[in-house]
Each structure stands twice: as structure tokens, then as C-alpha cells.
Amino acid sequence: MFTWIKGNTNTLILTLYPNNITLNSIASTYFQNVRWCMIGIDHKNLKLALKPVTKEEIELGLVDREQLHKVSIGKGYGRISNKMIIKEISMLLEQPIDGLKIYAIYDEESNMLIADLNSKIINKGVN
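Note that the structure is predicted; figures quoted are calculated from it, not measured.

Q: Help me out: how do you make sense of the side chain of Thr-22 in this one?
A: Mapped onto the elements of the fold, Thr-22 is located in strand 2 (residues 20-23). A relative accessible area of 10% means that Thr-22 is categorised as buried. There is a polar contact of 2.8 Å between the side chain of Thr-22 and the side chain of Asn-20. A polar contact is formed between the side chain of Thr-22 and the side chain of Arg-79, at a distance of 3.3 Å. The contact partners of Thr-22, leaving out residues within four places of it in the chain, are Ile-13, Leu-14, Thr-15, Tyr-17, Tyr-77, Gly-78 and Arg-79.

Spelled out as C-alpha cells, the structure:
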């Protein structure tokens, strides 16, 4: 019996590098119209959340500016550079991070991209 493997054309994938979080093309579509996001870590359940923040939310003071992280959108990817977040995730997972790929879902109700840090796909830096 065959076990079917997930394809990546419709799968939301985040790749964690020592300096940044990279979103694949599908995941980055949720950030196409924003340039900022908020990042949250659920230490107990090992989840990472990325919440897009609109310009209007910033101007209306609905978010704390100190919690904003710049989202850079390229051709077919998104990137959030933040060594401190990666270091915190590395300590939480008790492993070095260099190319750690994790699956994510987009929760429409909470308007957040949520990655389960338990759903590791591959980590180039660890054998």
C-alpha cells in the first residue's frame, strides 16, 4: 500500500534559518498586502504564530509598535529577519536551527499563520 506524500504547491511551509524565518510562496500570500507582522510563541504547545498587521491597524494604534516585525516579500517567498526569535526557538527545541522546515496552517478566525514546531520536515543542520 502506498503512503502519499504531501506536495509543497499547496502546503504552507516555514523554513527557520539562524537569521530569519522564510515563508514559502503559498504561506507568503497571506502577507502580500502587509509589511509588518506580530510573532508569538506558545512555549507549552510548541507553536509559532505569525499575525499579519495592516497599516490601518498600526495607524489606529491597535497594536503595540514594539511588537512589530518587518515582513519582506520577494518573488515567491516572504522573509522575517530576527535572530532573537530564532535563538529563542532554538533554545525551546533544544537544537540548533539551520534550515528547519515546519508545516503551518492559516487560521482564518484568528487571522494567523500557525506553525507547529513539532511538525518538523527536515533540518539541514542536524544529522
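Anyway, onward from the coordinates.
Q: Is there a simple way to explain the environment of Arg-65 in this structure?
A: Summarising the element assignment, Arg-65 is placed in the loop between helix 2 (55-59) and strand 5 (68-70). For the pair formed by Arg-65 and Met-38, sequence separation is 27 residues and the distance between their alpha carbons is 9.4 Å.

Q: Honestly, the side chain of Asn-24 in this entry has me stumped. Any pointers?
A: Secondary-structure assignment places Asn-24 in the loop between strand 2 and helix 1 (25-28). Judged by its relative accessible area of 18%, Asn-24 falls in the buried class.

Reading guide: rules and limits
Residues numbered from 1 in each chain as written. Predicted model: local features only at pLDDT ≥ 70, side-chain atom pairs only at ≥ 80, totals over all residues. Heavy atoms only, no water. Helix = DSSP H or I, 4+ residues; strand = E, 2+ residues; numbered from the N terminus. Buried < 20%, exposed > 50% of the residue type's maximum accessible area, 1.4 Å probe, protein only. Polar contact = N/O pair within 3.5 Å; in protein donor to acceptor, adjacent residues only side chain to side chain. Contact = heavy atoms within 4.5 Å.

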